[in-house]
Amino acid sequence: MVDGEWLPVPVGLDAGRWVTTRTERAVVAVVHTVASAGHVLDAVELLECDPRIQVVFTQAPDVFGNGVSTLLRRLAGVVIPWHQATRSRFDLAVTADAGGVHDLHAPVLFLPHGVMNNKRAPAGLSGPGSDLVVGLAAPWLIWYGRLVPAVVALSHEDLRGVLARQCPQALPAARVVGDLC
């Protein structure tokens, strides 16, 4: 793929006439940073062995996105540009970060991960003295009053309490799934 070029297959309105294998579901794996890519790939590994599921990757805009395009090329999977991902329908979006995912047309599976669950947001983002936890607080989960993720996958039951304090609106969407890796 040429960077930014719209791919006519394997997803999209007219993709059916070009694909050689029919799938039942399309999943977009959203990668923001090299650090978050591993967590997304842990989930994709659980899906990619099912021939009924078509997984495509996209790179979401992120200030720390250096290296993501190289990583995605090395995976040798199907990569679509972000502008195509935001203008296509998917049965599921899998992401470990929140930036821009409100623009996707899919139920979002949000995988808050690793250090994120213990990292406090910087004062510049959350205000002095704030105890917001990166990835589990409203700034990462709510967009203009709407809960973005359909599911917030928690690695441990204790994180449900953090979520209850940081973003109670997300509790109905929280599921304790364990560590995907």
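Rules used in this analysis
Residues numbered from 1 in each chain as written. Predicted model: local features only at pLDDT ≥ 70, side-chain atom pairs only at ≥ 80, totals over all residues. Heavy atoms only, no water. Pairing = 2+ DSSP bridges. Helix = DSSP H or I, 4+ residues; strand = E, 2+ residues; numbered from the N terminus. Axes fitted to C-alpha atoms, helices over the stretch in contact; angles between N-to-C directions. Contact = heavy atoms within 4.5 Å. Core = buried A, V, L, I, M, F, W, Y, C linked by side-chain atoms within 4.5 Å. Buried < 20%, exposed > 50% of the residue type's maximum accessible area, 1.4 Å probe, protein only. pLDDT = per-residue confidence, 0-100. Salt bridge = Lys/Arg side-chain N within 4 Å of Asp/Glu carboxyl O. Phe/Tyr/Trp six-rings, centres within 6.5 Å; stacked < 30°, edge-to-face > 60°.

Right, let's talk about the sheet that holds strand β8 (residues 174-176) for a bit. What the six strands build is an open sheet, ordered β2-β1-β3-β4-β7-β8; its pairing is parallel. The strands lining the two open edges of the sheet, one partner per strand, are β2 (53-59) and β8. Looking at each pair of strands side by side, their axes are set apart by 25° on average, direction ignored. Along the sheet, helix α2 (residues 68-75) makes contact with β1 (25-31) and β2, crossing β2 at roughly 155°.

Let us now look at the environment of Ala170. Looking at the element boundaries, Ala170 is found in the loop between α6 (158-166) and β8. For the pair Ala170 and Ala137, spaced 33 residues apart in sequence, the C-alpha to C-alpha distance is 9.0 Å.

Here we come to the nonpolar core. Core analysis: the largest hydrophobic core is formed by 19 residues, its most contacted members being Val31, Val40, Val55, Phe57, Val94 and Leu111. Tallying contributions element by element places helix α1 (residues 34-48) first for this core, with five residues. Apart from the residues within four sequence positions on either side, Val40 is in contact with Ala29, Val30, Val31, Val94, Thr95, Ala96 and Leu111. Membership of the second largest hydrophobic core comes to 18 residues, among which are Val133, Trp140, Leu154 and Leu163.

A few words now on the confidence of the model for the protein. The predicted structure's coordinates, where accompanied by low pLDDT, should not be read in detail. The share of residues in the protein with pLDDT of 70 or more is 83%, and the mean pLDDT across the chain is 87. Within the protein, the lowest mean pLDDT, 60, falls on helix α4 (residues 123-126), and the highest, 98, falls on strand β3 (residues 92-95).

What follows is about the pattern of salt bridges. This model, assessed by the stated rule, comprises two salt bridges. Among the salt bridges present, the one from Arg52 reaches Asp50, with a minimum N-O distance of 2.6 Å. Judged by relative accessible area, which is 17%, Asp50 ranks as buried.

Let us look at the environment of Val30. Relative to the helices and strands, Val30 resides in strand β1. Taking C-alpha positions, Val30 is 7.4 Å from Val40, a pair spaced ten residues apart along the chain.

Using the criterion set out here, one finds one aromatic pair in the structure. Measuring from ring centre to ring centre gives 5.1 Å for Trp143 and Tyr144, while their planes differ by 75°; the resulting arrangement is edge-to-face.

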